[in-house]
Amino acid sequence: MPKLSRRSRILLILGAIVLIALIAGSRLVGTYVDWLWYGEIGYRGVFTTVVLTRIALWAATAAVLGGILALNLWLAFRTRPVFVPVGGPEDPLARYRTVVTERSKLLGIGIPVAVGVIGGLVAQGYWRTIQLFFNGTSFGVTDPEFGRDIGFYTFQLPFYRWLLALAFVAVTLSFIGALVTHYIFGGIRLAGRSGQISVPARIQLAVLAGIFVLLKAADFFLDRYDLLLSQRSDLFTGATYTDLHAVMPAKLILMCIAIFCAAAFFAAVFLRNLQIPALATVLLVLSSVVVGAVWPALLQQFSVEPNANEREAPSIQRNMNATKRAFGITEDKINTVSYQGAANVSPEEVAQDQGTVSNIRLLDPTLLSETFTQLQQQYNFYGFPDELDIDRYRNAEGELQDYLVAVRGINTDGLAANQQSWINRHMVYTHGNGFVTAPADRVSSAPGAGNDTGAYPVFSMSDVANDGQGRIPVEQPRVYYGELVEDYAIVGGDPGSQPREYDTANSRYTYQGSGGVPMGNLFKRLTFAAYHGERNILFNQAIGSESKMIFKRNPRQRVQEVAPWLKLDGDSYPAVINGRIKWILDGYTTLNNYPYSQLTSFRQASSDTRSVNPQPDQQINYIRNSVKATVDAYSGKVTLYTVDQQDPVLKAWKGVFPGLVKPESAVSPELRQHFRYPADLFNLQRTLLTRYHVDNPGAFYANRDFWQVPADPNSGGGNQSEKQPPYYVLARAPEQEDVTFQLTSALTALRRPNIASWVSVSSAPDTYGQFTVLQLPTETQTPGPVQVQRQMESTPKVTQDRTLFDNPGVRAMFGNLLTLPVQGGLLYVEPIYIQPNNENAYPQLARVLTYFGGQVGYAPTLQESLDQVFGAGAGRNVDTAPGNEDEQQAENGQQPEGGQQAPQQPGGGSADPEVAQAISDVQAALERVRAAQQSGNLGELGSAFQQLEEATRRFEQAQGSGG
């Protein structure tokens, strides 16, 4: 190797320092910013625990790997032959011996250090395994084979496996390092028929090989426990008959042979003959093939498969018991009811159903985001999520009412091109404004068309303009943390400085909350400038001593950072709790090593056609919704609550992060009223229920009586992977005492379209998590969702309105198809929305489809549609339009919640001719809408709505021109 001058060495060292600084600089800045952020929200203990655990694990692993390798390299170098035989003047090893000898300290220290650093970096990712081992608790349940507590498999066995893998790596690297060293220095020579090996080389390599085989014996021992998660069978997870009667004995036999083989290697320390360890190795390999592979294959082929239904019955029963416990679908949580699926019900019986029929939901939260945006957005920099949420509140009469709810959040991506300055994005448009609700079971009239039919949600806004005094009062309607915002915001300034944050058209605001990291000093400004790559942070003069940086503003991101060990439900939703807007999120603890429990793809089993944030594509076989989290929309405060005190996994994580998760007693009654059973967990459980409602192992093996999740009829109904989503409804199912807010789904027979059962789970505080399964008789063929959808679409009443679908000026959209138990039968309800094909159009409810017992109803209102199906009077208790509510608002001088008023002449004075003509056009369009609604011609109705949109746009343009 060339000799470097002193100047060259200095330059190389400086270059290396600069390179390392550039690589590590961004990581250090990010770590410091994270440290500041965790301090802001009061969870710096989480940050320090994770960081210190990673550092300790990295250091320990690096010391073990590097130390063992360094020891073996030193031993190999120290015991090298004194006189190295030379193979001639062209000996290829001579130059390597020279380099190693001259730089023995550098290589002897540098190689182990490099290996240790790399190994430590890999090992620090296992910090969860280490922490769970030291904080794991008992499950109180033992496995059916070894009688060990489940905690051994979930907390201890992964740690032992990790230790064993670390030992394998250390011994393997040491063996390779010693082998190479001995070969370079002549301890091992390949010359001659059998070559030569020195005594020190033989001893060192034999000891390392013996240790490796001993580790393999330990591996065979632990393999027995891993068999309880065997996936040999395509039908179930767990040890099969072959695993129990062939593979498990084989593991013990191989363990004994491995111990004998290790003893043979250790004997080579004293014996010059290497034939004994060689023969022992051959014996181990042959035994692994014959005992470990051939014998189990023969048993499986000739004994198990011909009698699989009997042989596998005990294992299937074990799998069924473990799966139900691990996924929370045990018999004590499921109330199964035989349900006849009646087809004949009188109008009086339907009218008397005050639990389900009177609360039928008409508004589809997945289709009305555009409607909320067009009618309640107010400004382009506000917005609503693509999918709205469903929650429940008490109405003025004290009755439980389900609502579409949404936060009008800040969306800086919606700023116009001339608004996209850095100051606007980060210092002016900093927060959203308002909590919007609409009763989910009713609609208001079309704008200006009277209350003869439904078309629009009945909006109520609690925002700054009305001091938060909407239908659901809010003390602080400003929203700094939400689902839409990705940008950071800089709030506050010098004391006494003028407010600069946009609040209303006539006012500005300065943030007063506790959220945000203080950035008043120069060092922090420099840090954030480097972190965001933005020099304006450093030089902007409006940033003062009391300024704060608000970032990581998405509720999901904040909770995930606080609890990195949780998996979060895909849907976070806003709720007003004690006058504050709070985001509520569901957290899951999961495992993939629960013995005999069915390994299931979390993403595949929990996804449906409306999944917003799919779960990670991981195999799990245990889950608990053990944590509920809230994020304050104004302050950003994150709070975690315990909702499953019996979850051993949560207990372990509480040991890792003491005080992080508050006890269940800390949940206020008002907050508990807004807990929803999470959709992802329900999707996962209903997928498992399609198989694990079967109690008999023989029926399970034969796939007899299995169900399946139906295809979403609105996605074509032909692709089974497009699963119908569950729906939140207010209903009272059979054997339920009260009307409850619940999550529901229909399930069909396996590979059959007819419905087999109806499943719901309660979100009510006193019955939270209790399932109701209405099981229909197998001899009847009650139509399922796809069949009902096709029948409704082919009904003459619907086909007569084909202009609704063929009109190029309007688009029809089918809403959620609800399946509801009513008087012993199943009622299907589906709203139809129309949307004109222009830029500013939005969905409007046009018709309501119902189905019961082969009869289809198709009418502008739910009441009329029910009357068509059951007979006159069936829908008399359905609230079709909130006329009194609109009238009360009109008396107070307010715009009816649910529509737009016809444009009025400002101040009662004379209008500009262009404005007057626009008003006349709008009124004419409204008259046409009213006439179309009364006639029932949906094609004409769509055209009328398009004319109304165009007339309204001309009116707005006329007003903007000075009229």
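Residues numbered from 1 in each chain as written. Predicted model: local features only at pLDDT ≥ 70, side-chain atom pairs only at ≥ 80, totals over all residues. Heavy atoms only, no water.

**Considering the overall build of the chain**
For clarity, the cut-off: Strands are runs of DSSP state E lasting at least two residues, helices are runs of H or I lasting at least four, and both sets are numbered from the N terminus onward. Note on exposure labels: buried denotes an accessible area under 20% of the residue type's maximum, exposed denotes more than 50%, and partly exposed covers the range between, all computed with a 1.4 Å probe on protein chains only. Every residue pair with non-hydrogen atoms within 4.5 Å of one another is taken to be in contact. Accessibility throughout is a Shrake-Rupley quantity obtained with a 1.4 Å probe, and a residue counts as covered only by protein chains that appear here. Asp and Glu count as negative and Lys and Arg as positive, but His and the ends of the chain are not part of the count. Taken as the charge location is NZ of Lys, CZ of Arg, CG of Asp or CD of Glu.
In terms of regular secondary structure, the chain is built from 29 helices and 34 strands. Each principal axis of the C-alpha atoms in the chain carries an extent, and together these give about 115 × 80 × 50 Å. The proportion of buried residues among the 963 residues of the chain is 53%. Long-range pairs, those at least 24 residues apart, make up 67% of the contacts in the chain between residues at least 6 apart in sequence. In the form shown here, the chain has an accessible surface area of approximately 42,000 Å², with 54% of it arising from carbon and sulfur atoms. Measuring between centres, the 77 positive side-chain charges of the chain sit 17 Å from its 86 negative side-chain charges.

**Considerations on the side chain of Arg610**
Rules: Two N or O atoms count as a polar contact when they lie within 3.5 Å, although within protein this holds only if one can serve as hydrogen donor and the other as acceptor, and sequence-adjacent residues are included solely when both atoms are side-chain atoms.
Here Arg610 lies in the loop between helix 18 (602-606) and strand 21 (619-620). With relative accessibility at 19%, the residue Arg610 sits in the buried group. Within the structure, Arg610 has its side chain in polar contact with the side chain of Asp364 (distance 3.1 Å).

**Notes on the pattern of salt bridges**
Filter applied, for reference: Whenever a carboxyl oxygen of Asp or Glu lies within 4 Å of a side-chain nitrogen of Lys or Arg, that contact is scored as a salt bridge.
A full pass over the atoms with the stated rule returns 25 salt bridges. Two residues, Asp34 and Lys552, come together in a salt bridge whose shortest N-O distance is 2.8 Å. Within this pair, whereas Asp34 is found in helix 1 (residues 6-41), its partner Lys552 is found in the loop between strand 16 (548-550) and helix 17 (555-562), the two being separated by 518 residues in sequence. The residue Arg558 makes a salt bridge to Glu40 at a minimum N-O spacing of 3.6 Å. A residue pair is termed long-range when its members are at least 10 positions apart, and Arg558 in helix 17 and Glu40 in helix 1 qualify at 518 residues. For the residue pair Arg558 and Glu40, the accessibility class agrees, reading buried in each case. By sharing partners, the salt bridges in this structure join Arg161, Lys216, Asp219, Asp223, Asp226 and Lys251 into a single network.

**Examining the sheet that holds strand 12 (residues 489-491)**
What counts is decided by this rule: When DSSP locates at least two bridges between a pair of strands, those strands are taken to pair.
Taken together, the three strands give an open sheet; going across it, the order is 12-16-15, and neighbouring strands pair in antiparallel fashion. Whereas interior strands pair on both sides, the edge strands pair on one side only; in this sheet they are strand 12 and strand 15 (517-518). Where strand 12 meets strand 16, three bridges bridge the pair, whose relative direction is antiparallel. Bridge pairing links Val491 to Lys548 in strand 16.

**Details of the pairing of strand 34 (residues 855-859)**
The element strand 34 is largely enclosed, with a buried count of four among its five residues. Sheet topology places strand 33 (residues 844-852) next to strand 34; five bridges connect them, and they run antiparallel. Residue pairing across strands places Thr850 opposite Gly857, the latter belonging to strand 34. Where strand 33 hands over to strand 34, the hairpin turn is made up of two residues, of which Gly853 adopts a positive phi near 60°.

**With respect to the packing of aromatic side chains**
Note the following rule: The pairing test for Phe, Tyr and Trp rings, Trp by its six-membered ring, is centres within 6.5 Å, and the orientation test on the planes gives stacked under 30 degrees, edge-to-face over 60, and tilted for anything in between.
With the rule as written, the count across this model stands at 51 aromatic pairs. Taking 6.4 Å as the distance between ring centres and 50° as the angle between the ring planes, the aromatic pair formed by Phe152 and Tyr160 counts as tilted. Taking the relative accessible area as the measure of exposure, Tyr160 reaches 31% and is therefore partly exposed. Measuring from centroid to centroid gives 5.4 Å for Tyr728 and Phe741, while their planes differ by 5°, and the two rings are stacked. You can see Tyr728 sitting in strand 26 (residues 727-731) and its partner Phe741 sitting in strand 27 (residues 740-749), a full 13 residues away along the chain. Side by side, Tyr728 and Phe741 carry an identical accessibility label, which is buried. An aromatic cluster of three or more residues is present, and its members are Phe133, Phe134, Phe146, Phe152, Tyr153, Phe159, Tyr160, Trp162, Phe221 and Tyr225.

**Let's talk about the packing of helix 2 (residues 44-78) against helix 5 (residues 127-135)**
Using the following cut-off: Each axis is a line fitted through C-alpha atoms, taken for helices only over the stretch in contact, and angles between the N-to-C directions span 0 to 180 degrees. Each angle is binned into one of four classes, with values under 35 degrees roughly parallel, values over 145 roughly antiparallel, values of 65 to 115 roughly perpendicular, and all other values oblique. Three categories are distinguished: nonpolar for Ala, Val, Leu, Ile, Met, Phe, Trp, Tyr, Cys and Pro, charged for Asp, Glu, Lys and Arg, and polar for the others, with Gly belonging to the last.
The geometry of helix 2 relative to helix 5 is characterised by a closest axis approach of 10 Å and an angle of 100° between their N-to-C directions. Relative to helix 5, helix 2 is oriented roughly perpendicular. Mapping the contact onto sequence places Thr49, Val50, Thr53, Arg54 and Leu57 in helix 2 and Trp127, Ile130 and Gln131 in helix 5. Among the residues forming the contact of helix 2 with helix 5, the class breakdown is four nonpolar, three polar and one charged.

**Some points on the sheet that holds strand 10 (residues 460-462)**
A sheet is described by the order of its strands in space; here four strands give the open sequence 5-6-9-10, paired in antiparallel fashion. A strand with exactly one partner marks an edge of an open sheet, and here the two such strands are strand 5 (389-394) and strand 10. On average, adjacent strands in this sheet sit at an angle of 35° to one another, irrespective of strand direction. Relative to strand 6 (residues 400-407), strand 5 is paired through six bridges, and the arrangement is antiparallel. Residue pairing across strands places Arg392 opposite Asp402, the latter belonging to strand 6. Set on the sheet, helix 13 (residues 369-376) makes contact with strand 6, strand 9 (435-439) and strand 10; between it and strand 9 the angle comes to about 120°.

**Here's the deal with the packing of helix 2 against helix 6 (residues 150-184)**
Here is the rule: Helix crossings get a hand from a simple test, with the near helix turned counterclockwise from the far one by less than a right angle marking a left-handed crossing and a clockwise turn marking a right-handed one.
Relative orientation of the contacting elements helix 2 and helix 6 amounts to 30°, with a least axis distance of 8 Å. Classified by the angle their axes make, helix 2 and helix 6 are roughly parallel. Here the hand of the crossing between helix 2 and helix 6 comes out right-handed. Residues Leu57, Thr61, Val64, Leu65, Ile68, Leu69, Asn72, Leu73, Ala76 and Phe77 of helix 2 pack against Trp162, Leu166, Val169, Ala170, Leu173, Ser174, Gly177, Ala178, Thr181 and His182 of helix 6. When grouped by side-chain class, the residues that make up the contact of helix 2 with helix 6 number 14 nonpolar, six polar and no charged.

**Some remarks on the environment of Asn395**
Residue position: Asn395 is located in the loop between strand 5 and strand 6. Residues Asn395 and Gln300, 95 residues apart in the sequence, show an inter-C-alpha distance of 64 Å. Asn395 has contacts with Gln401 and Tyr403, leaving out every residue within four places of it along the chain. Polar contacts involving the side chain of Asn395 include one to the main-chain amide nitrogen of Glu397, which spans 3.0 Å. A distance of 2.8 Å separates a polar side-chain atom of Asn395 from the backbone nitrogen of Glu399.

**A look at the nonpolar core**
Short version of the rule: What we call a nonpolar core is a set of buried Ala, Val, Leu, Ile, Met, Phe, Trp, Tyr and Cys residues that are connected through their side-chain atoms within 4.5 Å.
Phe372, Trp565 and Leu640 are the most contacted members of the largest nonpolar core, which totals 183 residues. Beyond its immediate sequence surroundings of up to four residues, Trp565 is in contact with Arg128, Tyr588, Thr589, Val627, Leu650, Trp653, Phe657, Leu660 and Val661. In terms of nonpolar packing, the next biggest core, distinct from the first, is built from 20 residues, Ala733, Ile755, Tyr828 and Tyr858 among them.

**Some points on the environment of Gly873**
Inspection of the secondary structure assignment puts Gly873 in the loop between helix 26 (862-870) and helix 27 (883-891). Taking the relative accessible area as the measure of exposure, Gly873 reaches 21% and is therefore partly exposed. Residues Gly873 and Ser760, 113 residues apart in the sequence, show an inter-C-alpha distance of 28 Å. Here Gly873 is in contact with Pro347, Ala351 and Asp867, once residues within four sequence places are set aside.

**With respect to helix 17**
For clarity, the cut-off: What the arc covers is the set of directions going from the helix axis to the C-beta atoms.
Residues of helix 17 that are buried: Pro555, Arg558, Val559 and Val562. Within helix 17, the buried residues cover an arc of 95° as seen down the axis, which keeps them to one side. Considering only its buried residues, helix 17 is in contact with helix 1, helix 2, strand 17 (567-568), strand 19 (580-591), strand 22 (622-632) and strand 23 (638-642). Among the residues of helix 17, the N-terminal cap falls to Asn554, whose side-chain oxygen and the backbone nitrogen of Arg556 are separated by 2.9 Å.

**Details of the confidence of the model for the chain**
As a reminder of what qualifies: Think of pLDDT as the predictor's per-residue confidence, scored from 0 to 100.
Scored by pLDDT, the chain has a mean of 88; 90% of the residues are at 70 or more. Low pLDDT, under 50, characterises residues 446-454; the predicted model gives this stretch 30 contacts beyond four residues in sequence or across chains. Confidence over residues 881-911 falls short of pLDDT 50; this stretch has 46 contacts with residues more than four positions distant or in other chains.

**Some words on the side chain of Glu501**
Of note, Glu501 is situated in strand 13 (residues 501-504). There is no salt bridge for the buried Glu501, and the closest opposite charge comes from Arg500, which lies 6.1 Å off by N-O distance. Look past the residues within four positions of Glu501 in its chain and what remains in contact with it is Met427, Val428, Thr430, His431, Tyr480, Val491, Gly492, Ser507, Arg508, Tyr509, Thr510 and Tyr511.

**Some thoughts on the state of the cysteines**
Definition in use: Only a pair of cysteine sulfur atoms within 2.5 Å qualifies as a disulfide here.
Scanning the model with the defined rule gives zero disulfides in all. Cys256 forms no disulfide, and the closest cysteine sulfur to it belongs to Cys261, at a distance of 13 Å.

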